[in-house]
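Below are the chains, spelled out letter by letter.
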Amino acid sequence: MGYKKDQEERYVSLQTKAFRIILVWSLIIILVGSTVGILLHTYSSLRHYKEEADHLLDSMMALQDSAYIEKIFRETQRIYYSLPEKVLEDQSSDEFDNAFRPLVDDDFDAARDILVKFRENSKRRNVFLMFQDIENSRVVYVVDGDEDEWAYLPGQWTDVDVHETEIIVNSQWRLAITHDDVYGWIGSDAEAIYGQNGEFLGYAVVDLDMNDFLQTMLSFLLILIPLAVLLVVLFAVLFAKMLKKDIITHLISLSTAAREYTQMDKVNLAKETPSVYEPLRIETADEIEDLWKSMTVMEADIKDSIIKMREITAVQERMDAELSIATRIQMGMLPDEFPDRTEYDLYASMEPALEVGGDLYDFFMVDDTHLAMVIADVSDKGVSAALFMVVTKTMIRSQTEQGLQDPAVIFDVVNRKLMEVNRAYMFVTAWLGILDLESGRLVYVNAGHEYPVIRRAGGLFELYKDEHSVPLAAREDVEFVSGEFTVGRGDTLFLYTDGVPEANNEKEELLGADRMIEILNREPDAAPKEVIENVKDGISEFVKGAEQFDDTTMLCLKFNGIQ
């Protein structure tokens, strides 16, 4: 409920969003354009001021006595740098005045008159000559053309940013713009002065009145900004109305239709169910119309898909039910009750990789003193393998229960019968052993199956490399060979399908026979049920949840002998 309320509070219509976006971007475009225009105009105006100031400085310096100018610069610099800092800091002291006053002579007045006339005739704020004390960030005046009450004498100085002067000299448009309480805004231009031997002496500087220029810029901005805002609002309103007419109205119609579609009862959807998109009839001849057509086609496709999916789901549910029954039938074919006898202890387990598997195990008494044990693996998986497994198990058990026979003979008969019904070209690896409970003699036949594992009493589990024959149903002309070995009291026999050693982890590594033997030997004296549980735990620890593609079947027997 809280989420829905929050969603309603945050809801903003598409028209409002469009108006805001248009308003913001229009304002940005106009402001950027105006800013660029102002900057270009400012650059052009400053360059004009700069060119005019450079021409003025060139003309002024052409009229000066270059020899005197070099002399006055050098004398001023010599005296300035020879005075103690304490004297320089007090420019009103007699000692400071007595040091520089001798420089004010007739030649000085002549040089200063040229600067004054240029200032008066060009109507500039000031024209002066100076050099810089870089270390102390000072401008030291040499000749100042300002009005008498404001003019600096040689050696007098002011604090400034000395690094800005070099930038101004090297630029085509830069001026040093400052504000003075008396004159207002002033733009200063500078030109380097060199001696007769090309040695740098200082700068000639002209101060320009920038008040008219800045006032013009301010007036322009005062007109531009309100006009720009008015144009932006007007443009945004007009464009938003056009957007609403040509786009937003149709989008709202599509949104409403989509809302109706989401609320539609799709469980009972039928072919004749009316469309919610088709009646809109959007004909804008653009992407909106394409969207409407796509939504109409999509609605029809979804309707067909839902109807087909409903049919497929019904079929799948029937198949799942039948598969569940098949699973129960298959598991019911495998013995799940283990005999309580003194001669042996036996336990078995089968875990299919799919719902039904192709592995099998079986055990039964042939007569009072002989126990038959079977473990097998059909080459395929799924229902077909399960059916073939049932046929194989039934044939092996039926043939074995007819009486004591050589296991090789049993497999020969079973092989011929399987070949008669093997239309799917499957084969079965199988191991059959018949154990004499009185003597411990075990006669077996191995039709391409895994090697059994044996643990002698008091020892460790190890593979028993028995005789191998071709798998059942692989071909007709097969000569199965039986073998035998003796199982003593306390010995344990472990049978398994290839799903155990071929269990894989996420790195596609296989468990392998060596790791399987290692798991078995962690508790070598465990009872058959614990042996199988230990192997299951070891497999789980190794695979760490990786998907398995083969059935896992195990049978374990511990022989106690006749008591």
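Below is a short write-up of the structure. Here the structure is a predicted model, which means the values were calculated and not measured. (Residues numbered from 1 in each chain as written. Predicted model: local features only at pLDDT ≥ 70, side-chain atom pairs only at ≥ 80, totals over all residues. Heavy atoms only, no water.)

In terms of helices and strands, the protein carries 13 helices and 16 strands. A sequence separation of at least 24 residues applies to 68% of the contacts in the protein between residues at least 6 apart. (Helix = DSSP H or I, 4+ residues; strand = E, 2+ residues; numbered from the N terminus. Contact = heavy atoms within 4.5 Å.)

Time to look at the nonpolar core. Within the largest apolar cluster, 51 residues are counted, with the highest numbers of intra-cluster contacts made by Met 373, Phe 411, Leu 442 and Leu 472. With 7 residues, the single largest contributor to this core is strand 9 (residues 370–378). Ranked by size, the runner-up nonpolar core spans 38 residues in total, among them Leu 57, Met 60, Phe 118 and Val 142. (Core = buried A, V, L, I, M, F, W, Y, C linked by side-chain atoms within 4.5 Å. Buried < 20%, exposed > 50% of the residue type's maximum accessible area, 1.4 Å probe, protein only.)

Looking now at helix 7 (residues 162–170). Buried within helix 7 we find Val 162, Thr 165 and Ile 168. Take helix 7 and look down its axis: the buried residues cluster within an arc of 105°, on one side only. Facing away from the buried side of helix 7, by more than 90 degrees, are the exposed residues His 163, Glu 166 and Asn 170. (Arc of directions from axis to C-beta.)

Turning to helix 12 (residues 512–520), its buried residues are Met 516, Ile 517, Ile 519 and Leu 520. Buried residues in helix 12, looked at end-on, bunch into an arc of 160°, giving them a common side.

As a further point, take the sheet that holds strand 1 (residues 126–133). Strand order in the open sheet formed by 6 strands is 3-2-1-6-5-4, with antiparallel pairing between adjacent strands. The two strands at the open ends of the sheet, each matched to only one other strand, are strand 3 (157–159) and strand 4 (176–180). Between one strand axis and the next, the sheet turns by 35° as a mean value, whatever way the strands run. With 6 bridges connecting them, strand 1 and strand 2 (residues 138–144) associate as antiparallel partners. Across the sheet, Asp 133 pairs through a bridge with Arg 138, a residue of strand 2. Seen against the sheet, helix 3 (residues 66–82) touches strand 1, strand 2, strand 3, strand 5 (184–194) and strand 6 (200–209) and runs at an angle of roughly 45° to strand 1. (Pairing = 2+ DSSP bridges. Axes fitted to C-alpha atoms, helices over the stretch in contact; angles between N-to-C directions.)

It is worth spelling out the pattern of salt bridges at this point. Taken as a whole and judged by the stated rule, the model has 17 salt bridges. Of the charged contacts in the structure, one is a salt bridge between Glu 351 and Lys 536, with a shortest N-O distance of 3.4 Å. Of this pair, Glu 351 sits in strand 7 (residues 344–351) while Lys 536 sits in helix 13 (residues 528–543); the two residues are 185 residues apart in sequence, bridging distant segments of the chain. Arg 456 is the salt-bridge partner of Asp 491, the closest N and O atoms lying 2.8 Å from each other. Separated by 35 residues along the polypeptide, Asp 491 in the loop between strand 14 (482–486) and strand 15 (492–496) and Arg 456 in the loop between strand 12 (453–455) and strand 13 (461–463) bring together distant segments of the chain. Overall, Arg 456 belongs to the partly exposed group, its relative accessible area being 35%. One network of salt bridges, with partners in common, ties together Asp 362, Lys 393, Arg 397 and Glu 401. (Salt bridge = Lys/Arg side-chain N within 4 Å of Asp/Glu carboxyl O.)

Residues Ile 21, Val 24, Trp 25, Ile 28, Ile 29, Val 32, Val 36 and Leu 40 make up a contiguous nonpolar surface patch of roughly 780 Å² in combined accessible area. Here Val 32 lies in helix 2 (residues 14–63). (Patch = residues over 30% accessible without salt bridge, like charges linked within 9 Å, V, L, I, M, F, W, Y side chains within 5 Å. Areas by Shrake-Rupley, 256 points an atom, 1.4 Å probe, with all protein chains shown as cover.)

With that settled, consider the environment of Asp 161. Note that Asp 161 resides in the loop between strand 3 and helix 7. Under the relative-accessibility criterion, Asp 161 is labelled partly exposed at 46%. Once the C-alpha coordinates of Asp 161 and Arg 138 are considered, the two residues, 23 residues apart in sequence, prove to be 7.7 Å apart.

Here we come to a negative patch on the surface. Taken together, the side chains of Asp 65, Asp 106, Asp 107, Asp 109 and Asp 113 make up a negatively charged region of the molecular surface. As for its position among the elements, Asp 65 is in the loop between helix 2 and helix 3. (Lys, Arg positive; Asp, Glu negative; His and termini not counted. Charge placed at Lys NZ, Arg CZ, Asp CG, Glu CD.)

It is worth spelling out the side chain of Asn 504 at this point. Mapping Asn 504 onto the fold places it in the loop between strand 15 and helix 12. Judged by relative accessible area, Asn 504 falls into the buried class, the value being 9%. In this view, Asn 504 contacts Glu 509, Leu 510, Phe 542, Val 543, Ala 546, Glu 547, Gln 548 and Phe 549; residues no more than four positions away in its chain are not counted.

Bringing the packing of helix 12 against helix 13 into the picture now. Put simply, helix 12 and helix 13 touch, their axes get as near as 9 Å, and they point 130° apart. Our classification of the angle between helix 12 and helix 13 gives oblique. For the element pair helix 12 and helix 13, the recorded crossing hand is right-handed. For the pair helix 12 and helix 13, contact is made by Arg 515, Ile 519 and Leu 520 and by Val 531, Asn 534, Val 535, Gly 538, Ile 539 and Phe 542, respectively. (Parallel < 35°, antiparallel > 145°, perpendicular 65-115°, else oblique. Left-handed = near helix turned anticlockwise from the far one by under 90°.)

Right, let's talk about the sheet that holds strand 7 for a bit. In space, the 5 strands of this open sheet follow the order 7-16-15-12-13, with antiparallel pairing throughout. Only two strands of the sheet have a single partner each, and these edge strands are strand 7 and strand 13. Neighbour-to-neighbour, the strand axes of this sheet turn through a mean angle of 15°, independent of strand direction. Pairing geometry for strand 15 and strand 16 (residues 552–559), over 5 bridges, is antiparallel. Bridge pairing in strand 16 links Phe 494 to Cys 556. Against the sheet, helix 12 makes contact with strand 12, strand 13 and strand 15, and its axis sits at roughly 160° relative to strand 13, the strand it touches most.

The next subject is the side chain of Asp 133. Assignment of secondary structure puts Asp 133 in strand 1. Of the side chains bearing the opposite charge, Arg 138 lies closest to the buried Asp 133, which forms no salt bridge; the N-O distance is 4.0 Å. Those residues in contact with Asp 133 that lie beyond four places of it in its chain are Tyr 80, Tyr 81, Arg 138, Val 140 and Val 162.

Buried residues dominate strand 16, accounting for 8 of its 8 residues. Side chains Thr 552, Met 554, Cys 556 and Lys 558 project from strand 16 onto one buried face, and the interleaved Thr 553, Leu 555, Leu 557 and Phe 559 project onto a second face that is buried too. Note: strand 7 against strand 16, 8 bridges, orientation antiparallel. Residue pairing across strands places Glu 351 opposite Thr 552, the latter belonging to strand 16.

This paragraph deals with the packing of aromatic side chains. In total, this model carries 17 aromatic pairs according to the counting rule given. Their ring planes at 55° and their centres at 4.6 Å tell us that Tyr 464 and Phe 485 sit as a pair that is tilted. Of this pair, Tyr 464 sits in the loop between strand 13 and strand 14 while Phe 485 sits in strand 14; the two residues are 21 residues apart in sequence, bridging distant segments of the chain. The buried category is assigned to Phe 485, whose relative accessible area is 7%. A network of ring pairs unites the aromatic residues Phe 338, Tyr 347, Tyr 361 and Phe 363 as a single cluster. (Phe/Tyr/Trp six-rings, centres within 6.5 Å; stacked < 30°, edge-to-face > 60°.)

None of the figures reported here should be taken as evidence of function without further support.
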